[in-house]
There are 2 protein chains.
Amino acid sequence: MLSKNKIKFIQSLNRKKVRDQEQLFLVEGNKMVQEAIESDFQIEFVCATEGFIQETLFKNEHDFELIECSGDEIKKASLLQNPQQALAVIKMPKQTVQIDDIKNKFTLALDFIQDPGNLGTIIRIADWFGIGHILCSENTVDCFNPKVIQASMGAIFRINLRYTNLAESISKANKSNIPVFGTFLEGENIYQTKLPSSGILVMGNEGNGISAEIEKEIAHKIHIPSFANSNKGSESLNVATATAICCSEFKRRE
Amino acid sequence: MLSKNKIKFIQSLNRKKVRDQEQLFLVEGNKMVQEAIESDFQIEFVCATEGFIQETLFKNEHDFELIECSGDEIKKASLLQNPQQALAVIKMPKQTVQIDDIKNKFTLALDFIQDPGNLGTIIRIADWFGIGHILCSENTVDCFNPKVIQASMGAIFRINLRYTNLAESISKANKSNIPVFGTFLEGENIYQTKLPSSGILVMGNEGNGISAEIEKEIAHKIHIPSFANSNKGSESLNVATATAICCSEFKRRE
C-alpha cells in the first residue's frame, strides 16, 4: 500500500529544491526501474505492482524497501501521462569527475542547456558513443529532473555528470593540454576538420549558443554545414541533433 | 478583438478531425508566423498584438484577415505554455509528392513515427540537409499537429510531406530503381557502407523499428554502430537522433 504521505513525497521530487535537500530522485517505468536496480545506484525504495514484482528480480534478495501497491496507486503518485507498473526513488550519486579523469578521453561539456528533453537525449547519445563523462555548466537544467531521466532512457545510470563552473573547468583543461572544441556558425566545416580521439566538445544553449565567457577558452571552432538548397533553410539544428552529428564525426574516425 | 468563437475555433485545431475537416492548421509564435507569411502557404487569418503588427510586414498589403488583439487574448487562444504575440491559421497545402519527383533525390520515408516532437525534429533535420520530400506512412503522427509544427521550427513550410501507403510507394520506388535504405540492428555499419547521393532512407517506429511489411521492400540494411564500452550501453538511439546521423553520413559524402 502506498500512503498519502508517500504519494505526496514522490510527487514532491518533481521539484529541484526537494531533490537537493533529500539527495533523492524519481525514476518511472518498468524498464527504467529494472535498469536502476541493475545499476550501481543506491535505491531508497521501489513501488511496484504484484505483477511487476513477480516478473522481475524481486524474488531474490534486495537491500531496499519494496512497496507492493496497485496500478491505481502508482497512477496517483506518477508524474507521467501513461504510468506503468513501477517507480523507484533513488539516491543521487556523488559527482566526482575531475579534469584528470577525462584526459585521453572524449568528453562533452554543456553550456546552459535549458530543455530537459534535450539534456536527456544528449545523455542517451553520450552513452551510445561510449562517452563516460559530461561536464555541465551550473545553469544547465538539473539532470535529476524527471523529464531528463525519462528522455535519457536509462543512460543516466551509466554516465558521470558533473555540474561545475564550466569556464574554470575548461580553462583547466586548456592548461592540461586537452584540446577543446565548440560549435560556432563561423567554425570550420566539421566534415573537413581533423578531429582527435580525445578532447572536450562544448555544446551551447538552445537559443544563444555558447556564452562569450566560454567561447574565449575554445581554441577549435567547428561547424556542421547546412546542405539546404537556398538561404531560406533552417538557421540551426536542435542542440541534441547537433550533438549527435558531432559525436558521430569524432567517433567514426577513431 | 478576438471573439469567444474565434478562440474556441483556434483551440479546436488541436484536434486532427477538425484540422482535416477545415483543411486548416495552427502556427504559433512571432518567428513562426513571420516564416508562414514569407512562405508560399496560404494564410487564413493572423491574430497579433499591435506591437507585433508594427514591427513586421503588416504595414504592407496582405491578402489575409489580420486581427489585432491583446496579449491576453492570444494567451486565451494559445496551446503553448508561453504564448507570444502572434498566431496564424493556415491552409493545408496539397500533398503532391510522386515517385517521379524524388528520382535522383535523397528522400526520407517515415514508418509509423508516433511522437510529434520526433516528427517535428526530423522535418527540421530534413530542411537542414536539403532534403525536399518526406514520405510518411498513414499511421505516422499528423504533421499539422501543433507540437510537430512547433518542433519543426518553421521547416514545415519548406518540406513537401506526403502521407501514403508506404509499402506501396517503396515498392514503386524499387521498380523505378531508386535504391532504398533502412536502419536495422543487423544492418551494415553505416560508416563503412557505400552510400549513393540519391535514394530513399526509411526510418522506423520509436519502439518497434521498421515494420515487417516494409522491411521486405528494403534492399540495403544499414546500422549506426554503438561505441559503448560495455554491452550495458543504451540499446538504441532516439529516432530523430538516428535520422540526423544517417542524413549526415549520406550528405557529407556527396
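The numbering scheme is per chain: residues are counted from 1 as the chain's sequence reads. Here the convention is simple: chains get letters from A, ligands get numbers from 1, in the order in which they are written. Local features are withheld for residues below a pLDDT of 70 in this predicted model, meaning they are given only at 70 or higher, and side-chain atom pairs are given and counted only at 80 or more; totals for whole chains, interfaces and linings count all residues. Only heavy atoms go into the side-chain values, all of them from the structure, while hydrogens and water stay out.

Thoughts on the interface of chain B and chain A
Basically, it comes down to this: What makes two residues a contact is simply this: any of their non-hydrogen atoms within 4.5 Å. In this description, buried area is defined as the sum, over both parts, of the accessible area (probe of 1.4 Å) that is lost when the two are combined. The term salt bridge refers to a side-chain nitrogen of Lys or Arg lying within 4 Å of a carboxyl oxygen of Asp or Glu. For the purposes of these results, a polar contact is taken to be a pair of N or O atoms within 3.5 Å, where, inside protein, one atom must be able to donate a hydrogen and its partner to accept one; residues adjacent in sequence count only when each atom of the pair is a side-chain atom. Each helix corresponds to a stretch of at least 4 residues labelled H or I by DSSP, and each strand to a stretch of at least 2 residues labelled E; elements are numbered beginning at the N terminus. Polarity classes work like this: nonpolar for Ala, Val, Leu, Ile, Met, Phe, Trp, Tyr, Cys and Pro, charged for Asp, Glu, Lys and Arg, and polar for all others, with Gly in that last group.
Contact with chain B, which involves 32 residues of that partner, is made by 32 residues of chain A. Note on chain B versus chain A: buried area summed over both sides is about 3,000 Å², and carbon and sulfur give 56% of it. Linking chain B with chain A are two salt bridges. At the boundary of chain B and chain A, one finds 14 residue pairs in polar contact (both at pLDDT 80 or more). Contributing elements (two or more residues each) for the side of chain B that touches chain A: helix 3 (30-38), helix 6 (116-128) and helix 10 (239-252) of chain B. Ranked by residue count, the leading element in the side of chain B that touches chain A is helix 10 of chain B, at seven residues. Of the residues in the side of chain B that touches chain A, the class split is 12 nonpolar, 10 polar and 10 charged.

What about the sheet that holds strand 7 (residues 160-164) of chain B?
All names here are of chain B. The following threshold applies: At least two DSSP bridges between two strands are needed for those strands to be called paired. Axis geometry follows a simple rule: fit a line to the C-alpha atoms, using only the stretch in contact for helices, then measure angles between N-to-C directions, giving values from 0 to 180 degrees.
One open sheet holds the six strands; their spatial order is 7-6-5-9-8-10, and the pairing between them is parallel. Lying at the two open borders of the sheet, with one neighbouring strand each, are strand 7 and strand 10 (220-223). Sheet twist, expressed as the average angle between the axes of neighbouring strands with direction ignored, equals 35 degrees.

Thoughts on the packing of helix 6 (residues 116-128) of chain A against helix 10 (residues 239-252) of chain A
Residue and element names in this part refer to chain A. To keep it simple, the criterion reads: In these notes the angle categories are as follows: under 35 degrees is roughly parallel, over 145 is roughly antiparallel, 65 to 115 is roughly perpendicular, and the rest is oblique. For any pair of crossing helices, the crossing counts as left-handed if the nearer helix is rotated counterclockwise from the farther one by less than a right angle, and right-handed if it is rotated clockwise.
The interhelical angle for the contact between helix 6 and helix 10, taken along N-to-C directions, is 15 degrees, at an axis separation of 9 Å. One element, helix 6, and the other, helix 10, form an angle in the roughly parallel class. Relative to helix 10, helix 6 is oriented so that their crossing is right-handed. Seen from helix 6, the contacting residues are N118, T121, I122 and I125; seen from helix 10, they are V239, A240, T243, A244 and C247. Of the residues that constitute the contact of helix 6 with helix 10, the class distribution is six nonpolar, three polar and no charged.

As for the relation of the copies chain B and chain A
Our working definition: We place the copies in one frame by least squares, fitting the C-alpha atoms of every residue whose pLDDT is at least 70 in both.
Turning chain B through 180 degrees and shifting it by 0.0 Å along the axis lays it on chain A, with an RMSD of 0.0 Å. Taken together, the rotation and translation relating the two chain copies correspond to the operation of a two-fold axis. Comparing interface residues between copies, 100% of those in chain B also lie at the interface in chain A; the contact surface is shared.

Examining the domain arrangement of chain A
Interface size is commonly expressed as the accessible surface area that is lost when the partners come together. Residue and element names in this part refer to chain A. Where we set the bar: Where each domain begins and ends is defined by an automated method or by a domain database.
Domains assigned within chain A are domain 1 (4-91) and domain 2 (99-252). Averaged C-alpha coordinates put domain 1 and domain 2 at centres separated by 31 Å. For the pair domain 1 and domain 2, the summed buried area comes to about 1,100 Å², and 66% of that belongs to carbon and sulfur atoms. Across the domain 1-domain 2 interface, the total number found is two salt bridges. A salt bridge links E35 to R158; its shortest N-O distance comes to 2.6 Å. Counting the contacts that link domain 1 with domain 2 gives four residue pairs in polar contact (both at pLDDT 80 or more). For the side of domain 1 that touches domain 2, the elements supplying multiple residues, two or more each, are helix 2 (16-22), strand 1 (24-28) and helix 3 (30-38). With four residues, strand 1 is the single largest residue contributor to the side of domain 1 that touches domain 2.

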